[in-house]
Amino acid sequence: MEDWYYHGEHVFDGATYEGDFRPEDLKCIRDELEFKKDDIVVATYPKAGTTWMQEIVWLLQHGPGSADTREQSFEELFPFLEFYAEEKSGLERIEEISEPRLIKTHLSTGFYQRQLSGESPCPKFIVVLREPKDLLVSFYKFHLMYGPPWKFTRDWDYFFEMFREKRLNFGDYFDHALSWWKYRDHPNVLIVKYEDMKKDACGSIKAVADYLNIPTTDTLIQTIAHESSFQSMKARGTEKVSSIMAKQMDQGEDFFRAGKVGSWKDTFTDEQSQYVQDLTASKFNKEGICFD
Ligand code: PPS
C-alpha cells in the first residue's frame, strides 16, 4: 500500500505535524512567545478531552449560561495557539482576546521550556490525559471526519502502524504525555484525567476551580457539570467549538462522537491491544500514570 501523508506534513523537533501547524509558528512559540502570567492554557494531546476542559474553564470564567449565549466559536474566544487557518495564526488570535486569555495547545513541554523553567512568565497549564486505546480510536475516527485535502484515506490498521512508527500528527502520545507528567508537581501545571472527569465531573471541576483560584459553591459546580456534559455540548454543536473545523469536516460528521470510556474494544485487534497494553505498563504505569 502506498504511504499516506498529512496535508503539508513536516517534522519539527522530531514530531510530525500537519501543514496547518506551520514551522514558523512552532519556532516562534518555542523560542519567542511571551505569555502573560494570567494566561490559562489547556495543554493536551489531540483527543484527550481538550474541548471538554475548554468548556469547563470557559464556564468557570464566564459563569453558567455563558456557553449557550456565546456567539463566537472557541477559535476566536479560546484560540488554538499553533493552528494557522483562514489566513490567521493562533499567535495573532491570542493578541485579540481579553484577559485572562484562554488558550488551547496540543504541543508538548519541549515548546514551553522557557516558561516551565521560570525564564519567562509562566501561564497556568491544565493538562488532560486519556487512556491510550480510547484516545487512539477517537483520533482515528477524527481523521475520518475530514473532507479533502485533509481526508484520511486509509483504514484502522494503517492508522495503527502510523502510531507504531510515531508518525501521527503531534508525535507520539506516550512521549507527549510523559513530557507533561514530568511537571506534575510544578505549581503552574494541573493534570486531570478524562476517566476521572467521567467518573466524577464535579470533583474534577472543583479541582480546576481551586487551581485557578475561582470561588465556587456546590450549586455552581453542579450547574457547570451539567452545562459541560457530553449531551449539553453535543446539543450546542461542532460550530460552537470550531467554525473552521465544522467547515473542514465532511457533511453530517459530529465532533461529539461517543464521549465514552472503553469504546476501543470494537476497533482494536488482540495483537494491537496487547501492544498498547505493554506500552502503557512500561511507559505510563511505571511512572505512576494509571487509568482505572
Ligand atoms: S481535539 O480535537 O483534539 O481538541 O479533541 P478533544 O476535545 O481533545 O477530544 C475529543 C473527544 O472528547 C470527547 N468529548 C467529550 N467526552 C465527554 N464529555 C464531554 N463533554 C466531551 N466533549 C468532547 C469527544 O466526543 C471525543 O471523544 P470520542 O471518544 O471520539 O467521542
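Now for a look at the structure at hand.

The rules we used
- Residue positions are counted from 1 within each chain, in the order its sequence is given.
- Confidence filtering applies because this is a predicted model: local features only for residues at pLDDT of at least 70, side-chain atom pairs given and counted only at 80 or more, and all residues used for totals across whole chains, interfaces and linings.
- A run of DSSP states H or I qualifies as a helix once it reaches four residues; a run of E qualifies as a strand once it reaches two. Both are numbered from the N-terminal end.
- Each radius of gyration reported is based on C-alpha atoms, and the globular scaling rule is 2.2 Å times the count of residues to the power 0.38.
- Any two residues are considered in contact once their C-beta atoms, placed from the backbone, lie within 7 Å.
- Proximity of a residue to a molecule or strand is defined by its backbone-placed C-beta atom lying within 6 Å of that partner.
- Residue burial here comes from a neighbour count, namely the number of other C-beta atoms, placed from the backbone, that lie within 10 Å of the residue's own C-beta, with 20 or more meaning buried, 12 or fewer meaning exposed, and in between meaning partly exposed.
- Pairing between strands is defined by DSSP: at least two bridges between them are needed.
- Think of each axis as a best-fit line through the C-alpha atoms, taken over the contacting stretch in the case of a helix, with angles from 0 to 180 degrees between the N-to-C directions.
- Here, a nonpolar core denotes buried Ala, Val, Leu, Ile, Met, Phe, Trp, Tyr and Cys residues that are linked to one another through C-beta atoms within 7 Å.
- Any angle that falls under 35 degrees is termed roughly parallel, while one over 145 is termed roughly antiparallel, one within 65 to 115 roughly perpendicular, and all others oblique.
- Note on convention: near helix rotated counterclockwise from far helix by under a right angle means a left-handed crossing. Clockwise means right-handed.
- In this count, Pro and Cys sit with the nonpolar residues alongside Ala, Val, Leu, Ile, Met, Phe, Trp and Tyr, while Asp, Glu, Lys and Arg are called charged and the others, Gly among them, polar.

1. Focus on the overall build of the protein chain
Link 1 in the chain: When helices and strands are tallied, the protein chain shows 15 helices and eight strands.
Link 2 in the chain: Relative to the 2.2 N^0.38 estimate, which gives 19 Å for 292 residues, the radius of gyration of the protein chain is 18 Å and therefore close to what a compact globule would have.
Link 3 in the chain: For the protein chain, the spread of C-alpha atoms along the principal axes amounts to about 55 × 40 × 40 Å.
Link 4 in the chain: Here the contacts in the protein chain between residues at least 6 apart in sequence split such that 72% fall between residues at least 24 apart.

2. Description of the site of the ligand
Link 1 in the chain: Taken together, 18 residues form the shell around the ligand, and within it Pro 46, Thr 50, Thr 51, Ser 138 and Gly 259 come nearest.
Link 2 in the chain: Put simply, the parts of the chain that give the shell around the ligand at least two residues each are α2 (50–62), α7 (132–145) and α13 (230–236).
Link 3 in the chain: Sort the elements by how many residues they give to the shell around the ligand and α2 lands first, with three residues.

3. What about the pairing of strand β3 (residues 40–44)?
Link 1 in the chain: By the criterion of burial, β3 is predominantly enclosed, with five of the five residues buried.
Link 2 in the chain: Both β3 and strand β6 (residues 102–105) contribute to a ladder of four bridges, which runs parallel. Opposite Ala 43, over in β6, you have Thr 105 as the bridge partner.
Link 3 in the chain: In terms of strand pairing, β3 meets strand β7 (residues 124–129) through five bridges, oriented parallel. Counted as the bridge partner of Thr 44 is Val 128 from β7.

4. Comments concerning the sheet that holds β3
Link 1 in the chain: If you trace the four strands from one edge of the open sheet to the other, you get β6-β3-β7-β8, paired in parallel fashion. Only two strands of the sheet have a single partner each, and these edge strands are β6 and β8 (189–193). Between one strand axis and the next, the sheet turns by 20° as a mean value, whatever way the strands run.
Link 2 in the chain: Each of β3, β6, β7 and β8 touches α2; the most contacted strand, β3, lies at about 165° to it.
Link 3 in the chain: Relative to the sheet, helix α9 (residues 173–181) contacts β3, β7 and β8, its axis offset from that of β8 by approximately 130°.

5. A short note on the nonpolar core
Link 1 in the chain: The biggest cluster of nonpolar side chains holds 57 residues, and the ones touching the most others in it are Met 53, Ile 56, Val 57, Ile 126 and Val 127.
Link 2 in the chain: Residue contributions to this core peak at seven residues, all from α2.
Link 3 in the chain: Among all residues touching Met 53, those that are not within four sequence positions of it are Val 42, Ile 126, Val 128 and Val 192.

6. A few points about unusual backbone geometry
Link 1 in the chain: A cis geometry characterises the amide bond from Glu 99 onward to Pro 100, with omega recorded as -5°.
Link 2 in the chain: For Pro 100, the position within the fold is in the loop between α5 (90–93) and β6.
Link 3 in the chain: Note the cis peptide between Pro 148 and Pro 149, where omega equals 5°.
Link 4 in the chain: Looking at the element boundaries, Pro 149 is found in the loop between α7 and α8 (156–164).
Link 5 in the chain: One non-glycine residue, Glu 87, adopts positive backbone phi at about 60°.
Link 6 in the chain: Tracing the backbone through its elements, the reader meets Glu 87 in the loop between β4 (84–85) and β5 (88–89).

7. Concerning the packing of helix α11 (residues 201–211) against helix α12 (residues 218–227)
Link 1 in the chain: Running from N to C, α11 and α12 cross one another at 115°; their axes reach a closest spacing of 9 Å. Comparing their axes, α12 and α11 come out roughly perpendicular. Read as a crossing pair, α11 and α12 show a hand that is right-handed. Contact residues: α11 offers Ala 201, Cys 202, Ile 205 and Lys 206, while α12 offers Ile 221, Gln 222, Ile 224 and Ala 225.
Link 2 in the chain: Among the residues forming the contact of α11 with α12, the class breakdown is six nonpolar, one polar and one charged.

8. Concerning the environment of Arg 184
Link 1 in the chain: The topology assignment puts Arg 184 in the loop between α9 and β8.
Link 2 in the chain: Arg 184 gets classed as partly exposed once you count the C-beta atoms within 10 Å, which come to 13.
Link 3 in the chain: C-alpha of Arg 184 to C-alpha of Pro 148: the two residues are 36 residues apart in sequence and 39 Å apart in space.

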